[in-house]
Amino acid sequence: MNTLEYSAEVLKAISQPTRLRIIELLRDGEHCVCEIFPAIGHEQSNTSRHLQMMLKSGILNQRKDGLKIYYSLRHPEVLEIVRLAGLIAGHEATQRAALFTR
């Protein structure tokens, strides 16, 4: 896989609202699955699928401690991507709102 293809995989891995919620939660550090799914308001099976997708794309670390599985951000730069996407979304929302107020 070349750099461009991998970049697309990373963007795909974070381009979903549930996964963005997980990333925001992991901003503060490592969390167990048992903490993640109630915090984002989804069932454990659904949360686990999202975590596995992000793990496979390489943006998360996974650590097992007994029966518990912990996840953390592998690349904190992902937070910068999320921040920039939020800025773009904010600019777009402002511009679109301006169109409706004319």
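Just above, that's the structure.
Summary of the structure given here. Keep in mind the model is a prediction, meaning the values are calculated, not measured.

The next point concerns the packing of helix α3 (residues 33–40) against helix α4 (residues 44–57). In the contact formed by α3 and α4, the axes pass within 9 Å of each other and the chain directions differ by 110°. Judged by the inter-axis angle, α3 sits roughly perpendicular to α4. Contact residues: α3 offers Val 33, Ile 36, Phe 37 and Ile 40, while α4 offers Gln 44, Thr 47, Ser 48 and Leu 51.

The next thing to look at is the pattern of salt bridges. Tallying each qualifying case throughout the model produces 5 salt bridges. The residue Lys 12 makes a salt bridge to Glu 9 at a minimum N-O spacing of 3.9 Å. Within this pair, Lys 12 and its partner Glu 9 are both found in helix α1 (residues 3–14), separated by 3 residues, close to a single helical turn. Residue Lys 12 is classed as partly exposed on the basis of its relative accessible area of 45%. Since its relative accessible area comes to 29%, Glu 9 is described here as partly exposed. A salt bridge links Glu 30 to Arg 63, with the shortest nitrogen-to-oxygen separation between them at 2.7 Å. Of this pair, Glu 30 sits in the loop between α2 (17–26) and β1 (31–32) while Arg 63 is found in strand β2 (residues 60–65), placing the two residues 33 residues apart along the sequence.

Taken together, 3 strands build an open sheet; the order of strands is β1-β3-β2 and the sheet is antiparallel. Every other strand in the sheet has two partners, leaving β1 and β2 as the edge strands with one partner each. Summarising the sheet, β2 and strand β3 (residues 68–73) pair through 6 bridges and their orientation is antiparallel. Within the sheet, the bridge partner assigned to Gln 62 lies in β3 and is Tyr 71. α2 contacts β1, β2 and β3 of the sheet and is inclined by roughly 90° relative to β3. Across the sheet, α4 touches β2 and β3, and the angle it forms with β2 is around 120°.

The biggest cluster of nonpolar side chains holds 19 residues, and the ones touching the most others in it are Ile 23, Ile 36, Leu 51, Met 54, Ile 59 and Leu 60. Contributions of two or more residues to this core are made by α1, α2, α3, α4, β3 and α5 (77–100). Ile 59 has contacts with Val 10, Ala 13, Ile 14, Ile 23, Met 54, Ser 72, Leu 73, Arg 74, His 75 and Val 78, leaving out every residue within four places of it along the chain.

Quick look at the packing of aromatic side chains now. Scanning the model with the defined rule gives 0 aromatic pairs in all. Of note, Arg 63 hangs over the ring of Tyr 70, and the distance from its end group to the ring centre comes to 4.6 Å.

The next point concerns α1. Over its 12 residues, α1 extends 17 Å from the first C-alpha to the last, a length consistent with the 16 Å expected when each residue adds 1.5 Å. Looking at α1, one finds that the buried residues are Val 10, Ala 13 and Ile 14. Seen end-on, α1 carries its buried residues on one side only, within an arc spanning 90°. Where α1 begins, one side-chain oxygen reaches toward the backbone nitrogen of Leu 4, 3.0 Å away; that side chain belongs to Asn 2.

Calculation rules
Residues numbered from 1 in each chain as written. Predicted model: local features only at pLDDT ≥ 70, side-chain atom pairs only at ≥ 80, totals over all residues. Heavy atoms only, no water. Axes fitted to C-alpha atoms, helices over the stretch in contact; angles between N-to-C directions. Helix = DSSP H or I, 4+ residues; strand = E, 2+ residues; numbered from the N terminus. Parallel < 35°, antiparallel > 145°, perpendicular 65-115°, else oblique. Contact = heavy atoms within 4.5 Å. Salt bridge = Lys/Arg side-chain N within 4 Å of Asp/Glu carboxyl O. Buried < 20%, exposed > 50% of the residue type's maximum accessible area, 1.4 Å probe, protein only. Pairing = 2+ DSSP bridges. Core = buried A, V, L, I, M, F, W, Y, C linked by side-chain atoms within 4.5 Å. Phe/Tyr/Trp six-rings, centres within 6.5 Å; stacked < 30°, edge-to-face > 60°. Lys NZ or Arg CZ within 6 Å of the ring centre and 35° of its normal. Expected span 1.5 Å × (residues − 1). Arc of directions from axis to C-beta. Polar contact = N/O pair within 3.5 Å; in protein donor to acceptor, adjacent residues only side chain to side chain.

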